[in-house]
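# Notes for the structure review
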Amino acid sequence: MPNVIPPTILWFRQDLRLADNPALTAAARQSAVIPIYILDDINSGEWSIGGASRWWLHHSLRQLNSSLQGKLLVLRGNPIELLPKLITETGAHAVHWNRCYEPWRIARDKSLKENLRQIGVEIYSHNGSLLWEPWQVLKSDKTPYQMFTPYYRKGCLQSAVPRLPIPVPPKMEVSKLNSQATWLKRAVGVEAIDSLQLL
């Protein structure tokens, strides 16, 4: 019997694109990808996105879903609860995402990483939005710059050259959801996006 490589979850967050998406590229190299988006209005609290951003999100998710041939898995709720549940249903062995830097997202992701590692899932976070990570451009005393000019001259210009944009993975395989769970069957494609009522 051939060895079947478990799928990898690619969690889209603020990076609803296939090109120049390091998390997607890394996930596609591992195995078949389960592309997922989770609308998290729970951990965001007072930082939940407003009406204009929700309008943009609705149309961006529809475009992304179209790029994925209608296979985007769309959920609403707390990722700390939903991702372990999804991993159990799909047998996924790893989760990839691009880092976010808002304090509430950092706190949530830290908790999520701890939970997933306890159940033996590999976690990979990537830089999908910055030329340099905050910890890469620091003063000689390892503290952040407070003014732009020294940050630019002594920090940016003397740091490593940023990576070039990454193309869409040429051999990306989107995994089929073999789960019989009703909550997953209802969470794929345009109808799932519309059910978020972002408009």
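It should be emphasised that the depicted structure is a prediction, and the values quoted were computed from it without experimental measurement. (Residues numbered from 1 in each chain as written. Predicted model: local features only at pLDDT ≥ 70, side-chain atom pairs only at ≥ 80, totals over all residues. Heavy atoms only, no water.)

### Comments concerning the pairing of strand E5 (residues 122-126)
- Note: strand E4 (residues 94-98) against E5, five bridges, orientation parallel. Its bridge partner being in E5, Trp 97 is matched across the sheet by Ser 125.
- With respect to chirality, the unit in which E4 leads through helix H4 (residues 103-118) into the neighbouring parallel E5 is right-handed. (Pairing = 2+ DSSP bridges. Helix = DSSP H or I, 4+ residues; strand = E, 2+ residues; numbered from the N terminus. Right-handed = clockwise from strand over helix to strand, strands pointing away.)

### Some thoughts on the packing of aromatic side chains
- Under the criterion given, the structure shown has four aromatic pairs.
- Here Phe 148 and Tyr 152 contribute two aromatic rings whose centre-to-centre distance is 5.8 Å and whose plane-to-plane angle is 15 degrees, an arrangement assigned as stacked. Of the two residues, Phe 148 and Tyr 152 are both situated in helix H5 (residues 148-156); the distance of four residues between them amounts to about one turn of the helix.
- Classification of Phe 148 by relative accessible area gives exposed; the value is 59%.
- Ring pairing ties together the aromatic residues Tyr 145, Phe 148, Tyr 151 and Tyr 152, which thus form one cluster. (Phe/Tyr/Trp six-rings, centres within 6.5 Å; stacked < 30°, edge-to-face > 60°. Buried < 20%, exposed > 50% of the residue type's maximum accessible area, 1.4 Å probe, protein only.)

### So, the pattern of salt bridges
- The tally for this structure, following the rule as stated, stands at nine salt bridges.
- The salt bridge partner of Asp 20 is Arg 163, with a shortest N-O separation of 2.6 Å. On the criterion of sequence distance, the pair formed by Asp 20 in the loop between strand E1 (8-12) and helix H1 (22-30) and Arg 163 in the loop between H5 and helix H6 (182-185) is long-range, its members being 143 residues apart.
- Asp 20 sits in the partly exposed class, given a relative accessible area of 22%.
- Here Arg 163 falls in the partly exposed class, since its relative accessible area comes to 40%. (Salt bridge = Lys/Arg side-chain N within 4 Å of Asp/Glu carboxyl O.)

### Looking at the side chain of Asn 127
- Mapped onto the fold, Asn 127 is located in the loop between E5 and H5.
- Here Ser 129 takes part through its backbone nitrogen, which lies 3.2 Å from a polar atom of the side chain of Asn 127.
- A polar contact of 2.9 Å, which involves the side chain of Asn 127, links it to the backbone oxygen of Leu 130.
- Setting aside chain neighbours within four positions, we find Asn 127 in contact with Pro 22, Asn 98, Arg 99, Tyr 101, Trp 132, Glu 133 and Arg 163. (Polar contact = N/O pair within 3.5 Å; in protein donor to acceptor, adjacent residues only side chain to side chain. Contact = heavy atoms within 4.5 Å.)

### Quick notes on the packing of helix H3 (residues 79-90) against H4
- Where H3 meets H4, the closest approach of the two axes is 10 Å, and the angle between their N-to-C directions is 30 degrees. Viewed along their axes, H3 and H4 adopt a mutual orientation that is roughly parallel. Pair H3 / H4 crosses with right-handed handedness. Contacts between H3 and H4 pair Pro 79, Ile 80, Leu 83, Pro 84 and Ile 87 from the former with Arg 108, Ser 111, Leu 112, Asn 115 and Leu 116 from the latter.
- A breakdown of the residues in the contact of H3 with H4 according to their chemical character gives seven nonpolar, two polar and one charged. (Axes fitted to C-alpha atoms, helices over the stretch in contact; angles between N-to-C directions. Parallel < 35°, antiparallel > 145°, perpendicular 65-115°, else oblique. Left-handed = near helix turned anticlockwise from the far one by under 90°. Nonpolar A, V, L, I, M, F, W, Y, C, P; charged D, E, K, R; others polar.)

### Quick word on the environment of Arg 17
- Inspection of the secondary structure assignment puts Arg 17 in the loop between E1 and H1.
- Take Arg 17: its relative accessible area is 28%, and that puts it in the partly exposed class.
- Considered as a pair, Arg 17 and Asn 127 are 110 residues apart in the sequence and their alpha carbons are 14 Å apart.
- Every residue in contact with Arg 17, bar those within four places of it in the chain, is listed here: Phe 12, Leu 24, Leu 64 and Gly 128.
- Reaching out from Arg 17, the side chain makes a polar contact with the backbone oxygen of Ala 19 at a distance of 3.3 Å.
- Engagement of the side chain of Arg 17 in a polar contact is seen with the backbone oxygen of Gly 128, the distance being 2.6 Å.

Scope: geometric values only; no functional claims are made or implied.
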